[in-house]
Amino acid sequence: PWYDRLERLLAAAGLPPAPGATPREHAAAAARSLPGPLADEHARLVELFYQTRFGSRPLTDAEQAEVDAALGR
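Since the model is a prediction, treat every value here as computed from it, not as a measurement.

*Asks:* So what's going on with unusual backbone geometry? Which residues, and what values?
*Replies:* With a phi angle near 55°, Ser56 is a residue other than glycine that sits in the positive phi range. Positionally, Ser56 belongs in the loop between helix H3 (36–53) and helix H4 (61–72). Under the relative-accessibility criterion, Ser56 is labelled exposed at 65%.

Here it is as structure tokens:
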């Protein structure tokens, strides 16, 4: 659910994913429009998404706090 929220936030900022784009491809495309720190943060969130979605590893408490803080910004 948190990754869906990230995608909605980016779409609301005018940065929706291209049709068929993977999360990493979307992060790379969005990085061209986001300020450096936000682009880096987005890339980090995408990596956490891949770890949880495809690595079957839940977020640690610290990672969840990181995600929550990032989405709040």
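*Asks:* Quick rundown of the packing of aromatic side chains? Include the residues and the values.
*Replies:* Overall, the coordinates contain five aromatic pairs when judged by the stated rule. Considering the side-chain rings of Trp2 and Tyr3, the 6.2 Å spacing of their centres and the 80° angle between planes classify their relative orientation as edge-to-face. By relative accessible area, which is 8% here, Tyr3 ends up buried. Note on Phe49 and Phe54: the rings are 6.3 Å apart at their centroids and 80° apart in plane angle, and the pair reads as edge-to-face. With relative accessibility at 55%, the residue Phe54 sits in the exposed group. Counting every residue linked through ring pairs, the aromatic cluster contains Trp2, Tyr3, Phe49, Tyr50 and Phe54. The positively charged end of Arg24 is found above the aromatic ring belonging to Tyr50, 3.9 Å away from the centroid.

The rules behind the values
All residue numbers refer to position in the chain's written sequence, counted from 1. Only residues with pLDDT of 70 or above have their local features reported here, since the model is predicted, and side-chain atom pairs are shown and tallied only from 80 upward, although totals for entire chains, interfaces and linings are computed over all residues. Side-chain numbers here rest on the full set of heavy atoms in the structure, without hydrogens or water. Strands are runs of DSSP state E lasting at least 2 residues, helices are runs of H or I lasting at least 4, and numbering of each runs from the N terminus. For each residue, the accessible area found with a 1.4 Å probe, counting protein chains only, is set against the maximum for its type, and the residue is called buried under 20%, exposed over 50%, and partly exposed in between. Classification of ring pairs rests on two measures: the distance between centres of Phe, Tyr or Trp rings, Trp counted by its six-membered ring, which must be within 6.5 Å, and the angle between planes, read as stacked under 30 degrees, edge-to-face over 60 and tilted in between. To sit over a ring, a charge needs its Lys NZ or Arg CZ within 6 Å of the ring centre and within 35 degrees of the ring normal.

Fair warning: the whole summary comes from geometry, so function is off the table for now.
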